[in-house]
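# Close look at the chain arrangement
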Amino acid sequence: MQKRTNTVLEQITELNVKDMKEKRCQLVEENAIIGQKNPKDINVEGDTCYNNPIFNNETTPFQAGTIATTTFCENNTKSKKVIGVNIASKVCIIGSRLRNKGKNVTCPNHHGKCTANISPDAVIGDEEKWSASVAQQIQSEVKIVGYTGDGDAKSHQGVSRVTQSKVTHMKDVRHLGNSVRRAVNRANFSAGMFRGTSKCNLRNRLAMSIKQRCTAELTKAHAVYNGNLNAIKKKMPKIIDTIVLCFKGYCGHSCKTNSLVCCGNYRQAKNFMPSNIKLKMTEADELSLIQCIGIMLSPNAIENTRFLTSTQKCEAVNRAYQAVNPKTISNPRSFSGRIHSQIHNLNNGYTRSILLKSKFLGASLPSRSKVIRQMLATDKRNRRRRDPEVLAKKKLRRFASRRQRYELHEKKHYSSGLTDIAPSLNWAKQMQDHNYV
Ligand SMILES: [Zn+2]
Ligand SMILES: [Zn+2]
């Protein structure tokens, strides 16, 4: 199979590059059909993944990541097709073999076949460069007007540099939420704010609760005000004050009137913070908490998250890459071919992708054959897995097991590991009051 991969990888890459181009043209056509003023304008989300951890494990001083894959997905349609990819690789077996023999060679400029396309001393985490490269690839067909990234400002810069026009930089709500959590964990609260023996645990729980609460208020506000940004911005200051009051232990009238998600009964909201604990906050504490919340609910942040876009599709694609390129195995030669093959699979579906690939390689499958029947059966199984009914059942099961873990946590007072905030015992009732849990 390894040999076969090496034989076909160039053709598969060619097929997928062509296919992605077709997808981009299709997008423009669809935009024209629905009457968009500039059919070429599209929104995209982008993310980069590394074939091994970018963080050093403190055993070596050099960078760990050796292959970086940058993916752009369109954010215009529901299917969110992959429309561009860049693979930056440092891995070259021939180069390292020659170097081991004492020859002075630098990848990718040596004799013979080199599988690396950047030099060994290049920065593998240069997301600006990789994003610029993908933007360059796709710019003949489409024009990026909105870009959602994971909060790394560099990839934004890369996109802007290539398009040479104004690109709106949107932020992902989930990543912003994590910033809020980190900010609360780092904030300079007064010593008396958390009491008791498990101060760290409490602070951590407050951080997670604030994150969840902010995310919930924001998404709910979008639903209630139908995406009307001005109305949302006008409402937010009151909501922020209410959140602070709620966590201080004064949950009641203010929550009932101002909060979009807290019904005004702190006892029922105890899955946030333990109900018997009241935070003793000074004025300075309140200010720093408001500052943390502002990361997500300030007018500026609301502007940046206005379409509630995320990079979740890109992250899903990254996980799909891992299926063909496991982190434990490096495939220096076939890495990019495998990536392109997987993108083709994701964009066209399992059966269609295989049929197109085999046709392109000149080995069409006979119609009505057993193989095709088998593939159609697999397709049907996959569709069944995505059925809303099946998904709902799975969700219930997840909730139940999470609840069990949470109870265990309560009982044993684990301070690390099990940190999911789960609905408490009467979760079914809570779901109605706090439908964001
Ligand atoms: Zn090389
Ligand atoms: Zn409340």
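For the structure itself, consult the block above.
Here's what I pulled together on the structure shown here. (Residues numbered from 1 in each chain as written. Chains lettered and ligands numbered in written order. Predicted model: local features only at pLDDT ≥ 70, side-chain atom pairs only at ≥ 80, totals over all residues. Heavy atoms only, no water.)

Let us now look at the nonpolar core. Counting residues in each nonpolar core, the largest one holds 33 residues, and the members touching the most others are V184, I210, I293 and L297. Top contributing element to this core by residue count: helix α7 (residues 229-248), with eight residues. With residues up to four places along the chain from it excluded, the contact list for V184 reads F189, R203, L206, A207, I210, L289 and C292. Counting 16 residues, the second largest nonpolar core, distinct from the first, contains V28, I83, V134 and A135. (Core = buried A, V, L, I, M, F, W, Y, C linked by side-chain atoms within 4.5 Å. Buried < 20%, exposed > 50% of the residue type's maximum accessible area, 1.4 Å probe, protein only. Helix = DSSP H or I, 4+ residues; strand = E, 2+ residues; numbered from the N terminus. Contact = heavy atoms within 4.5 Å.)

What follows concerns the pairing of strand β2 (residues 67-74). Within β2, eight of the eight residues are buried, which leaves it mostly tucked inside the rest of the structure. Note: strand β1 (residues 41-50) against β2, seven bridges, orientation antiparallel. Within β2, the residue paired with Y50 across the bridge is A68. Sheet topology places β2 next to strand β3 (residues 82-89); seven bridges connect them, and they run antiparallel. Across the sheet, T69 pairs through a bridge with I87, a residue of β3. (Pairing = 2+ DSSP bridges.)

Right, let's get into the coordination of the zinc ion (ligand 1). The protein atoms donating to the zinc ion (ligand 1) are C92 (SG), C107 (SG), H110 (NE2) and C114 (SG), with metal-donor distances spanning 2.0 to 2.3 Å. What the four donor atoms of the zinc ion (ligand 1) show is an angle range of 105 to 114° at the metal, which sorts the shape as tetrahedral. Expressed as a motif, the donor residue spacing for the zinc ion (ligand 1) is C-x14-C-x2-H-x3-C. Judged by its relative accessible area of 12%, H110 is buried. (Donors = N, O, S within 2.8 Å, 3.2 Å for Na, K, Ca; no water. Tetrahedral: all angles 85-135°; square planar, octahedral: opposite > 155°, others 65-115°.)

All right, on to the sheet that holds β3 then. In spatial order, the strands read β3-β2-β1-β4-β5; together these five strands make up an open sheet with mixed pairing. The sheet is open, and its two borders are formed by β3 and β5 (168-171), each paired with just one other strand. Pairs of neighbouring strands in the sheet enclose a mean axial angle of 25°, with direction left out of account. Across four bridges, the pairing between strand β4 (residues 143-149) and β5 is parallel. Bridge pairing in β5 places G149 opposite K171. The sheet strands contacting helix α4 (residues 153-163) are β2, β4 and β5, and the helix crosses β4 at an angle near 175°. (Axes fitted to C-alpha atoms, helices over the stretch in contact; angles between N-to-C directions.)

Looking at where G252 falls in the secondary structure, it is placed in the loop between α7 and α8 (253-258). Sequence separation between G252 and C262 is ten residues; the distance between their C-alpha atoms is 9.0 Å.

Turning next to the pattern of salt bridges. Under the counting rule described, the total for this entry stands at eleven salt bridges. With a shortest N-O distance of 2.7 Å, R24 and E141 are connected by a salt bridge. With R24 in helix α1 (residues 2-33) and E141 in the loop between α3 (127-138) and β4, this pair connects stretches of sequence that are 117 residues apart. Residue classification places R24 among the buried residues on the basis of a relative accessible area of 6%. Take E141: its relative accessible area is 9%, and that puts it in the buried class. Note that E315 is salt-bridged to R174, the shortest N-O span being 2.6 Å. Placement of E315 in helix α11 (residues 312-324) and of R174 in helix α5 (residues 173-186) is noted, with a sequence separation of 141 residues between them. Ionic contacts of the salt-bridge type, sharing partners, join the residues K21, R24 and E141 into one network. (Salt bridge = Lys/Arg side-chain N within 4 Å of Asp/Glu carboxyl O.)

Right, let's get into the side chain of S155. Inspection of the secondary structure assignment puts S155 in helix α4. Those residues in contact with S155, other than ones at most four positions away along the chain, are E127, E128, S131 and Y147.

Moving on to the packing of helix α6 (residues 199-224) against α7. Look at α6 against α7: their axes get within 11 Å of each other, and the N-to-C directions meet at 150°. In terms of orientation, α6 lies roughly antiparallel with respect to α7. In this structure, the crossing between α6 and α7 has a hand that is right-handed. Residue-level inspection shows L206, S209, I210, R213, E217, L218, A221 and H222 of α6 in contact with α7, the latter providing L229, I232, M236, I239, I243, C246 and F247. Across the contact of α6 with α7, the residue classes break down as eleven nonpolar, two polar and two charged. (Parallel < 35°, antiparallel > 145°, perpendicular 65-115°, else oblique. Left-handed = near helix turned anticlockwise from the far one by under 90°. Nonpolar A, V, L, I, M, F, W, Y, C, P; charged D, E, K, R; others polar.)

Before going further, it helps to spend a moment on the packing of aromatic side chains. One pass over the structure, following the stated rule, counts two aromatic pairs. Considering the side-chain rings of F72 and Y147, the 5.5 Å spacing of their centres and the 50° angle between planes classify their relative orientation as tilted. Highlighted residues: F72 in strand β2 and Y147 in strand β4, separated in sequence by 75 residues. Pair check on accessibility: F72 and Y147 agree, each one buried. (Phe/Tyr/Trp six-rings, centres within 6.5 Å; stacked < 30°, edge-to-face > 60°.)

Bringing the packing of α6 against helix α9 (residues 283-297) into the picture now. One way to put it is that α6 packs onto α9 with a least axis distance of 10 Å and a crossing angle of 40°. With respect to α9, the axis of α6 lies oblique. In the crossing of α6 with α9, the sense of the turn from one axis to the other is right-handed. The segment α6 lies against α9, with I210, C214, T215 and L218 engaging L289, I293, M296 and L297. Broken down by class, the residue content of the contact of α6 with α9 amounts to seven nonpolar, one polar and no charged.

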